[in-house]
Amino acid sequence: MSAPDDLASAVREESAAQEQAEQEQAGQQAQERTKPVGLGVVGWARWTWRTLTSMRTALILLFLFALGSVPGSIYPQRSVDPGRVAQYFKDNPTQAKWLDRFWLFDVFSSPWFAAIYLLLFISLAGCVFPRALAHLKEIRRRPPAAPRNLLRLPHSEAFEGGLTLEQAAAALRRRRFRVVTGDGWVSAEKGYLRETGNLLFHVALLVLLFAVGAGGLFGYRGNVLVVEGDGFSNAVAAYDRFMPGSRVTAESLEPFSFTLKDFQASYVAAGEKQGQPLDYLAKLTVQDSPTAAPREVDLKVNDPLDVNGTLTYLIGHGYAPTFRVTDGKGQVAYDGPVPCLADDQATYTSECVIKVPDAQPTQLGFLARFLPTTVPNGDAWVSVFPGAANPTVQVFPFAGDLGLKSGQPQSVYQLDTTSLKPLGKMSAQPTPLNVGETKELADGAGKIEFTGVKEWISLQITYDPGREPALLAAAAAVIGLVLSLTIRRRRVWARVKDGTVTVGGLTRTEGGGAAFAEEFAEIVAALRGDPPTGDRAGDDPPTGDQGGDKSGEPDEPGSAGHVAPTGNAAPGARPDEE
């Protein structure tokens, strides 16, 4: 091969190598361009925020919030009934251990429930506040200019007449439209309260969640039973059951006290409704603070005692017959009232339990049946009226170990007779004792005397700082929901040119076209009527300078110069497009 051929071959190889290198470089650049770029910290944070504040996430969290509340109604809760929780551990130790690991006995104070609650709050806040800012800009914006061809809108009509822009604008303003005018057109819009109501509903839901959370943290609720003549001081130790919020301390309780002077219950005395309650009244002497002067208060159902936001409700009542128990050594081992639970609400026949652990030489226990108005019924005695017209009590005595030192909690309304023996011969219907009568106990165990009758009331005392905000938020939510469901966002335009008026309407609410059609027809009828302009010659239509009083009421439709509605096509009545 000659030297020129070698040189040409070398040039070709060099060109091919250079071309291949350029192709590889171009391919590498293209690959770099198509390589996905990582989101980075800011991108992931933005994506997380957008996902959290989306409506789909809010609905999912709302569903989880409702679903998470279900175990609180299935399993006993420590904050409500710790005794039932202890019994559940005793009956199902393995299952209870696993349930307790997932906080199912403390659902509403569990970390996972608090996480759902807080995420729902953040999600709703992230949804509402940006929409609120956008809505503020929207309500300050002027209605848009009229489209060029109004007859293409879903609601449209054209007619001939002497309507001016000023008259059209005045007619729409009278219908509470927001109106702007331009060169040959009028634009009007109304229905902004629909979105306002929607935002009000969501803001109220946020306030409601906040109020409920504040009540759960700083509020408390308790129950107490008070017998006539006894008192109550608002302290933790005085409650029969106390359910505080997580931020409540003993010092945060309002330092009020009261004494139950008298309780009065009135009933229907005769007739078909005999025995039905008429009214309950508890007479209290209240001190709002240790240094405050006492005041008399009549406490009734649904009329609570209010002491600086702490409410005391009357929720129940019953009888508390008084007894004096003398033991076998002649010592008074018990003297006082015994609250009884009504076994029959119609007659207030009540069951009572008397425990006398200090009796000697052996402990005493009594089951008693209290009859407010006693009458004989064959070999038995029954009560026929809830009022204490003829009170008696039937006593069933026992002796032995009451089991109070076993360490197991006991109810004051139940008597465990496992370690007790009956005193004397038991009967299902023992002779009842009248007030002042005494029953001697067998085996020299002592005696029991029925000394009188008192009444007791059960009270619920609550403090909830979120109660009033929650009530206002609920009312605002209802108002917002009504506004968002009943108000429609709609727009109306009118063009006037060469004596031809073209009107178009558009509803911005999905499914609101049928309702808007009737309103649009009324608007067209109002615009189509000729305003009063004085005497008119013949049937000549009025010209633009004969508009007269621009604020006057339009005449009835159907006068000369009008044409029928045109729908979406109006030959001969369609204005020229500008």
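When helices and strands are tallied, the chain shows 10 helices and 24 strands. Expressed as a percentage of the 578 residues in the chain, the buried residues total 39%. Of the contacts formed within the chain by residues at least 6 apart in sequence, a portion of 63% connects residues at least 24 apart. Approximately 32,800 Å² of the chain is accessible, and the part contributed by carbon and sulfur atoms is 56%.

Here the focus is the sheet that holds strand β2 (residues 178-181). Read from one edge of the open sheet, five strands run β1-β24-β23-β3-β2, paired in antiparallel fashion. Looking along the sheet, the strands with just one partner apiece sit at the ends: β1 (155-160) and β2. Averaged over all pairs of adjacent strands, the angle between their axes in this sheet comes to 15°, without regard to strand direction. Lying over the sheet, helix α7 (residues 165-174) contacts β2, β3 (185-190) and β23 (490-497), oriented at roughly 5° with respect to β3.

Right, let's talk about the packing of helix α6 (residues 111-140) against helix α8 (residues 193-218) for a bit. Following both chains from N to C, one finds α6 and α8 inclined at 150°, their axes separated by 10 Å at the closest point. Here α8 runs roughly antiparallel to α6, going by the angle between their axes. Handedness of the crossing formed by α6 with α8: left-handed. Together, Tyr 117, Leu 120, Phe 121, Leu 124, Ala 125, Val 128, Arg 131, Ala 132 and His 135 of α6 and Glu 195, Thr 196, Asn 198, Leu 199, His 202, Val 203, Leu 205, Leu 206, Leu 209, Phe 210, Val 212 and Gly 213 of α8 make up the contact between the two elements. Taken together, the residues of the contact of α6 with α8 sort by class into 14 nonpolar, five polar and two charged.

The next point concerns the confidence of the model for the chain. On average, residues of the chain carry a pLDDT of 84, and 85% of them reach 70 or more. Across residues 530-578, confidence stays below pLDDT 50; counting only partners more than four residues off in sequence or on other chains, it has 74 contacts.

A grouping of Ile 60, Phe 63, Leu 64, Leu 67, Val 70 and Ile 74 is seen on the molecular surface, where their side chains present a nonpolar patch of about 550 Å² in accessible area. Turning to its location among the elements, Phe 63 is positioned in helix α3 (residues 55-74). The exposure class assigned to Phe 63 is exposed, which follows from its relative accessible area of 54%.

On to the state of the cysteines. Working definition: the covalent bond between the sulfur atoms of two cysteines is a disulfide. Per the stated rule, a full pass over the model turns up one disulfide. The side chain of Cys 340 participates in a disulfide bridge whose partner is Cys 352; the two sulfur atoms lie 1.8 Å from each other. Since a negative S-S torsion denotes a left-handed disulfide, the Cys 340-Cys 352 link at about 105° is right-handed. Taken together, the residues Cys 340 in the loop between β12 (332-337) and β13 (341-344) and Cys 352 in strand β14 (residues 349-356) connect sequence positions 12 residues apart. Summarising the burial analysis for this pair, Cys 340 and Cys 352 share the class buried.

Each strand in a sheet pairs with its neighbour through backbone hydrogen bonds, running either in the same direction (parallel) or in the opposite one (antiparallel). The sheet built from four strands is open, its strands ordered β5-β7-β8-β9 with antiparallel pairing. Each of the sheet's edge strands pairs with one partner strand only, and the pair in question is β5 (231-233) and β9 (295-299). Adjacent strand axes in the sheet meet at a mean angle of 30° when their direction is disregarded. By the bridge criterion, 10 bridges tie strand β7 (residues 257-267) to strand β8 (residues 277-287) in an arrangement that is antiparallel. Note that in β8 the partner of Ala 265 across the bridge is Tyr 280.

A word on the pattern of salt bridges. A full pass over the atoms with the stated rule returns 18 salt bridges. A salt bridge links Asp 288 to Arg 295; the nearest nitrogen and oxygen atoms lie 2.9 Å apart. Residue class for Asp 288 comes out partly exposed when judged on its relative accessible area of 25%. Residue Arg 324 pairs with Glu 449 through a salt bridge whose shortest N-O separation is 3.0 Å. One end of the pair, Arg 324, is in strand β11 (residues 310-327); the other, Glu 449, is in strand β22 (residues 446-463), and 125 residues separate them in sequence. Residue classification places Arg 324 among the partly exposed positions, given a relative accessible area of 30%.

Before going further, it helps to examine unusual backbone geometry. The linkage connecting Gln 360 with the following residue, Pro 361, adopts the cis geometry, with an omega of 5°. Looking at the element boundaries, Pro 361 is found in the loop between β14 and β15 (364-371). In this model, Tyr 348 sits at a positive phi of 55°, which is unusual for a non-glycine residue. For Tyr 348, the location among the structural elements is in the loop between β13 and β14. The phi torsion at Asp 443 lies on the positive side, around 60°, for a residue other than glycine. Within the element layout of this structure, Asp 443 appears in the loop between β21 (438-440) and β22. You can call Asp 443 exposed: its relative accessible area is 64%.

About the cut-offs
- Throughout this document, residue positions are counted from 1 along each chain, in the order its sequence is written.
- Predicted model: local features are reported for residues with pLDDT of at least 70 only, side-chain atom pairs are reported and counted for 80 or more only, and whole-chain, interface and lining totals are derived from all residues.
- Hydrogens and water are ignored here; the side-chain numbers use all heavy atoms of the structure.
- Under the DSSP-based scheme used, a helix requires at least four consecutive residues in state H or I and a strand at least two consecutive residues in state E, with every element numbered from the N terminus.
- Per-residue accessibility, obtained with a 1.4 Å probe over protein chains only, is compared with the maximum for each type, and a residue is labelled buried under 20%, exposed over 50%, and partly exposed between these values.
- For this analysis, residues touch if any pair of their heavy atoms sits within 4.5 Å.
- A 1.4 Å probe and the Shrake-Rupley method give the accessible areas. Residues count as covered only by the protein chains that appear here.
- Two strands are said to pair when DSSP picks up at least two bridges between them.
- A fitted line through C-alpha atoms serves as each axis, taken over the contacting stretch for helices, and the angle formed by two N-to-C directions is quoted from 0 to 180°.
- For classification, angles of less than 35 degrees are called roughly parallel, those exceeding 145 degrees roughly antiparallel, those between 65 and 115 degrees roughly perpendicular, and all remaining angles oblique.
- Should the near helix be turned anticlockwise from the far one by less than a right angle, the crossing is left-handed, and should it be turned clockwise, the crossing is right-handed.
- When residue character is reported, Ala, Val, Leu, Ile, Met, Phe, Trp, Tyr, Cys and Pro are called nonpolar, Asp, Glu, Lys and Arg charged, and the others, Gly included, polar.
- The pLDDT value tells you how sure the predictor is about a given residue, anywhere from 0 up to 100.
- To count toward a patch, a residue needs a relative accessible area over 30% and no salt bridge; like charges are then connected within 9 Å, while nonpolar side chains (Val, Leu, Ile, Met, Phe, Trp, Tyr) are connected within 5 Å.
- Salt bridges are counted wherever a side-chain nitrogen of Lys or Arg sits within 4 Å of a carboxyl oxygen of Asp or Glu.
- When the sulfur atoms of two cysteines come within 2.5 Å, that pair is taken as a disulfide.

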